[in-house]
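Analysis of the macromolecular model
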Amino acid sequence: MIDIPKTYDPKEAEQSHYARWEERGYFSPEINKDPNAPVFSIAIPPPNVTGSLHMGHALQHTMMDVLTRYKRMSGFRALWLPGMDHAGISTQLMVTRQLKKEGLTRHDLGREKFQERVWLWKQEYGGQILKQIRREGASVDWSRERFTMDESLSRAVREAFVRLYDEGLIYRGNRIVNWCPNDQTVLSDLEVLREPQKGKLYYLRYPFKNGSGSITVATTRPETMLGDTAVAVNPSDDRYSEMIGQTLVLPIMNREIPIVADDFVESEFGTGAVKVTPAHDAADYEMGLRHKLEQIVVIDQFARMTEAAGADFAGLDRSKARDLVVEKFAELGLLEKVVDYEFSISKCERCKTVIEPLTSTQWFCRMEPLRDLALEKLRAAGKPRFVPQVPYEKVYSDWLENLRDWTISRQLWWGHQIPAWYTGDGRIIVARSREEAQQKAGTDELTQDPDVLDTWFSSALWPFSTLGWPDKSEDLKTFYPTSVLITARDIIFLWVSRMVMTGLKFMGREPFADVYVTGTVLDKHGQRMSKTKGNGIDPLEVFEKYGVDATRLTLASVGSTDTRWSERQVESYRNFANKIWNAARFCLLNSDGVESVANPFGGDRSALPLHDRWILSRLNKTARDVNAQLQEYDFHGVVQTLYHFFWDDFCDWYIELSKATMTAADESPERSIARARLISVLEQSLRLLHPFMPYLTEELWLKLPVTHAQLLHPAYAGAEPTIMLASYPQCDDSLVDEIAEAEMSRLTILISCVRNIRSEINVKPGDRISILIGEATPSVRAVYEANRDQIERLARISNLSIKAKLDAPKASVRAVLSGTGEVAVPLQGLVDFDQERARLTLKKDNLQKEATKLNTQLGNSDFVARAPAEKVSELRARADEIALHTVTLDQMIEAIK
RNA sequence: GCCCGCUUGGCUCAGUGGUAGAGCACUCGCUUCACACGCGAGGGGUCACUAGUUCGAAUCUAGUAGCGGGCACCA
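Report on the accompanying structure. (Residues numbered from 1 in each chain as written. Chains lettered and ligands numbered in written order. Predicted model: local features only at pLDDT ≥ 70, side-chain atom pairs only at ≥ 80, totals over all residues. Heavy atoms only, no water.)

On a plain count of helices and strands, chain A comes out with 31 helices and 29 strands. Taking 29 Å as the expected radius of gyration for a compact globule of 897 residues, we find that chain A reaches 37 Å, considerably beyond that expectation. By principal-axis analysis of the C-alpha atoms, chain A measures approximately 115 × 65 × 55 Å. By the burial criterion, 54% of the 897 residues in chain A qualify as buried. Partitioning the contacts of chain A with sequence separation of at least 6, the portion at a separation of at least 24 is 77%. Distance between charge centres in chain A, computed from 112 positive and 126 negative side chains, equals 2 Å. (Helix = DSSP H or I, 4+ residues; strand = E, 2+ residues; numbered from the N terminus. Rg over C-alpha atoms; globule rule 2.2 N^0.38 Å. Buried < 20%, exposed > 50% of the residue type's maximum accessible area, 1.4 Å probe, protein only. Contact = heavy atoms within 4.5 Å. Lys, Arg positive; Asp, Glu negative; His and termini not counted. Charge placed at Lys NZ, Arg CZ, Asp CG, Glu CD.)

Shown next as structure tokens:
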């Protein structure tokens, strides 16, 4: 006897299969030997080298793995390419901290040594997430693992930079940027968070030069007034129109500044007059350009006041400077008032430091021409296709339409150093290498720009740089464009749109056909999980507690809508995994003799027992639905379909109906065939489930007494058996059998009805009862006759009478079978009549309510005239049924009075 | 401020122009020889609110409220 535990222990299966799959090369597309195989490819959204797995990853990876495994089993040359990005700022921060413990700064080491330290750090601490991806069961091709700092990807970065520069899409310029005083680098708009902030609004008076009073401006940042070079008012604001062009004397600084007119100013806000600090505010910067105002830098890169702010302020921190400015205004009698004010403030996404807008020379990428490529592609070809289309396509196109230039330089040492060199005479040479630069420059007296590129610049190239671009590699030809990108919605701008733009620019094709945007897993209160809130749930702990497969099912069923995390949900899928385990256990414990059955469902199909024809029909319809749902990325739907097929159809009915034959004591051909059929259906079910539950299904599938090699997809012929490479079941239309399904429903309705009666009148589960069936059409009666044993066994009946007429004793419980037929259970005085009468009366009342509703509808001539005839007759049939049922109930009530 | 999404039984969520669904929780009964992470039976919802379109609306339209999200140079 085979020894199989009663409860599924996920750990064992999770430990034993992954390494084997990987070693045998099952994750690589090369495993597919069919030269004409269609191609399916996914580039993983590269996680950050400093990061570790969170629920969002687990969710996306589950879906990517489901699709990859599904396509692989369907014979596709499937590639899911893994890797990481180098996370410039975060990684540099990690190593800087490490150095600090040793009492060192990066400047002590110098650039080169520092970079060596970062690589050492990466080797030791980086890429935790790669191990975690293995734990998830993700079937990524590790032989193609990439890192954005790999030489081949770095080459792609340089190539892209040079090409964009040569076309004038990359330029160097002095503009206002977002500066993080803590990280000491510029940031792009997308790396800046806006957070609500409680602060003050300061009303400051700026006197006129001619001594005729003052104008009042309102500001949240008084310290910036030291760099003011104008005050602006709206040209149509009557209060100020006469003052336009007049000169003010900036207090403290005693600088003469003009009053200018600008449409940007909102008359309703504050005093309607705005101080203008072109060097320290993005809007003021624009205004400064419009009015040719001087940019005076009063705050430096450490957020301290500069010499230009005056001797009293130079070197002061910006917050100290604020206090001092306010103090001085008060002393001068120029502080009109200070009011509480709530506004939003820009913060560094990573370190939450308040951003200092300042003018600085940086590298920028012009977005308009790239943006136009993406918008044209969307409008002309609908590419990429967003799933769900609403609202993401619009989110994407709206963003593209309002796009501003992208700051791509970063003042870091970790990343791709900008391939630009400066000559002694001030020329800029952009080239793929120093050698090329020297050639172009005609000199070797070159200094390379010290800055590196935004990490996202390299990520934007990911779908093709990972496949070998700029070389015209085989991989690039085969796997680009990728099939689908699966990601969270907050990455649409940061990554998706940039990949589309670079893909169209350099490859001439969008990098992926579809973009599937996942929902978000929220905490139980509906809040986003975040490190700062500390409300995150560690997927690894969930794996540990409930198993990877159950967690994957839970995550897959999240689909594209936000869902609150519910441990109960995982628990129910854990139970489902156990159900599968036990169904298999039952099959395996009763598997003697199945080897002798070559083709369990072979021969004349119409001669098969009803339940066999029925399960084949259900199985094939399930395969049809599942394939369709997977094509449509309906992850939630497909999980439901598989769950209900396996549990309701296979376990609750098919196994139960098979028991009569398959658990017979004596060995017989019938017994072996029944067992082989059960195993065949189980085997196919496991294949359907495999993309979602890789470990459990592999564990069980390999145990089944079937000829595994024959079940492999032809593209993998000759491979060592694994369910990973078995054919994904497709619907065989010839096995869809509506008659069998209709007949089967007659049986299940009857059995459920009898069970219901037993329960209602409190018959002990073990007791066998007599029942009578009548009033059924001859064909239905034939179904009952043919399945007499099954009915008796599953409804626990000792005496089953099937006749044309129902001749039940008066004191019987009778029930109308939905569709056709009546069933009666003689009571033989075993029931409390009062109780029974009450029960029947309640039942009758409920039926009356439904009848009233139906009759109203059927009495409506408009309905009868306009509704589809099918619908009308459906309701008529139901009304007739209720009428019949009511009569029966009346008779029953009468009989036990 | 603008745009978008969500609002279905106690909880988490499906769903569709035509008699309200699942899982969990709950009630009752079961150690029935795969499974108590189970088996059988059952109770429970005017599908946020209002108005409209329709023979018919939870499903379409408009508005209202609550929640959530995105965008924005309001000092």
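Back to the write-up after that little detour.
A few words on the pattern of salt bridges. Tallying each qualifying case throughout the model produces 64 salt bridges. When the shortest N-O distance is used, the salt bridge between Arg20 and Glu698 registers 2.8 Å. Of this pair, Arg20 sits in helix 2 (residues 18-23) while Glu698 sits in helix 24 (residues 694-703); the two residues are 678 residues apart in sequence, bridging distant segments of the chain. A single burial state applies to Arg20 and to Glu698, both of which are buried. Residue Arg24 is joined to Glu720 by a salt bridge in which the shortest nitrogen-to-oxygen separation is 4.0 Å. (Salt bridge = Lys/Arg side-chain N within 4 Å of Asp/Glu carboxyl O.)

Here we come to the packing of helix 20 (residues 567-589) against helix 23 (residues 669-689). The angle between the axes and the distance between the axes are what describe a pair of packed helices. At a minimum axis distance of 10 Å, the contact between helix 20 and helix 23 shows a crossing angle of 150°. The orientation of helix 20 with respect to helix 23, classified from their angle, is roughly antiparallel. Considering how the two elements wind past one another, helix 20 and helix 23 form a crossing that is left-handed. For the pair formed by helix 20 and helix 23, the contact residues are Phe576, Ile580, Ala584, Phe586 and Cys587 on the first element and Leu678, Ile679, Leu682, Leu686 and Leu689 on the second. A per-class count over the contact of helix 20 with helix 23 returns 10 nonpolar, no polar and no charged. (Axes fitted to C-alpha atoms, helices over the stretch in contact; angles between N-to-C directions. Parallel < 35°, antiparallel > 145°, perpendicular 65-115°, else oblique. Left-handed = near helix turned anticlockwise from the far one by under 90°. Nonpolar A, V, L, I, M, F, W, Y, C, P; charged D, E, K, R; others polar.)

What follows deals with the pairing of strand 10 (residues 247-250). The alternating pattern of strand 10 places Leu248 and Leu250 on a buried face, while none of Thr247 and Val249, on the opposite face, is buried. Across four bridges, strand 10 lies against strand 11 (residues 255-261) in antiparallel orientation. Note on strand 11: the bridge partner recorded for Leu250 is Arg255. (Pairing = 2+ DSSP bridges.)

All right, on to the protein's contact with RNA strand B then. Taken together, the neighbourhood of RNA strand B is formed by 55 residues, with Phe264, Tyr341, Thr561, Arg564 and Arg866 sitting nearest. Atoms of RNA strand B within 4 Å of the protein: sugar and phosphate make up 64%, bases the balance. In the model, a sugar or linking oxygen of RNA strand B is placed 3.1 Å from a nitrogen or oxygen of the Ala218 main chain. Between RNA strand B and Glu850 there is a distance of 2.9 Å, counted from a base oxygen to a side-chain nitrogen or oxygen. (Near = heavy atom within 4 Å. Polar contact = N/O pair within 3.5 Å; in protein donor to acceptor, adjacent residues only side chain to side chain.)

The next subject is the packing of aromatic side chains. Taken as a whole and assessed by the stated rule, the structure comprises 33 aromatic pairs. Relative to Phe27, the ring of Tyr18 lies with its centre 5.1 Å away and its plane at 50°, an arrangement referred to as tilted. The two residues Tyr18 and Phe27 agree in class, both being buried. Measuring from ring centre to ring centre gives 5.7 Å for Trp21 and Tyr695, while their planes differ by 15°; the resulting arrangement is stacked. Of this pair, Trp21 sits in helix 2 while Tyr695 sits in helix 24, placing them 674 residues apart in sequence. The exposure class of Trp21 is buried, given its relative accessible area of 0%. Take Tyr695: its relative accessible area is 1%, and that puts it in the buried class. An aromatic cluster is defined as three or more aromatic residues linked by ring pairs; in this entry it consists of Tyr573, Phe576, Tyr643, Phe646, Trp647, Phe650 and Tyr654. Of note, Arg134 hangs over the ring of Trp142, and the distance from its end group to the ring centre comes to 3.9 Å. (Phe/Tyr/Trp six-rings, centres within 6.5 Å; stacked < 30°, edge-to-face > 60°. Lys NZ or Arg CZ within 6 Å of the ring centre and 35° of its normal.)

The next thing to look at is the sheet that holds strand 12 (residues 273-276). The sheet built from four strands is open, its strands ordered 10-11-9-12 with mixed pairing. Whereas interior strands pair on both sides, the edge strands pair on one side only; in this sheet they are strand 10 and strand 12. Neighbour-to-neighbour, the strand axes of this sheet turn through a mean angle of 30°, independent of strand direction. The pairing of strand 9 (residues 230-233) with strand 12 spans four bridges and is antiparallel.

For the rest of this paragraph, the subject is the sheet that holds strand 6 (residues 185-187). Backbone-to-backbone hydrogen bonds join strands into a sheet, with any given pair of strands oriented parallel or antiparallel. Taken in spatial order, the four strands make up an open sheet running 6-5-14-16, and their pairing is antiparallel. Edge positions in the sheet fall to strand 6 and strand 16 (406-407), since each of these pairs with one other strand and no more. Examined bridge by bridge, strand 14 (residues 356-365) and strand 16 share two bridges and lie antiparallel to one another. Note that in strand 16 the partner of Cys365 across the bridge is Trp406.

Following Val387, the chain continues to Pro388 via a peptide bond in cis, the omega torsion being -5°. Counting through the fold element by element, Pro388 comes out in the loop between strand 15 (385-387) and helix 12 (389-401). Its identity is not glycine, yet Ala87 carries a phi of approximately 45°, on the positive side. When you line up the elements, Ala87 lands in the loop between strand 3 (83-84) and helix 4 (88-101). On the basis of relative accessible area, Ala87 is assigned to the buried category, the value being 8%. The phi dihedral of Lys352 falls on the positive side, at around 65°, and the residue is not glycine. Relative to the helices and strands, Lys352 resides in the loop between strand 13 (335-348) and strand 14.

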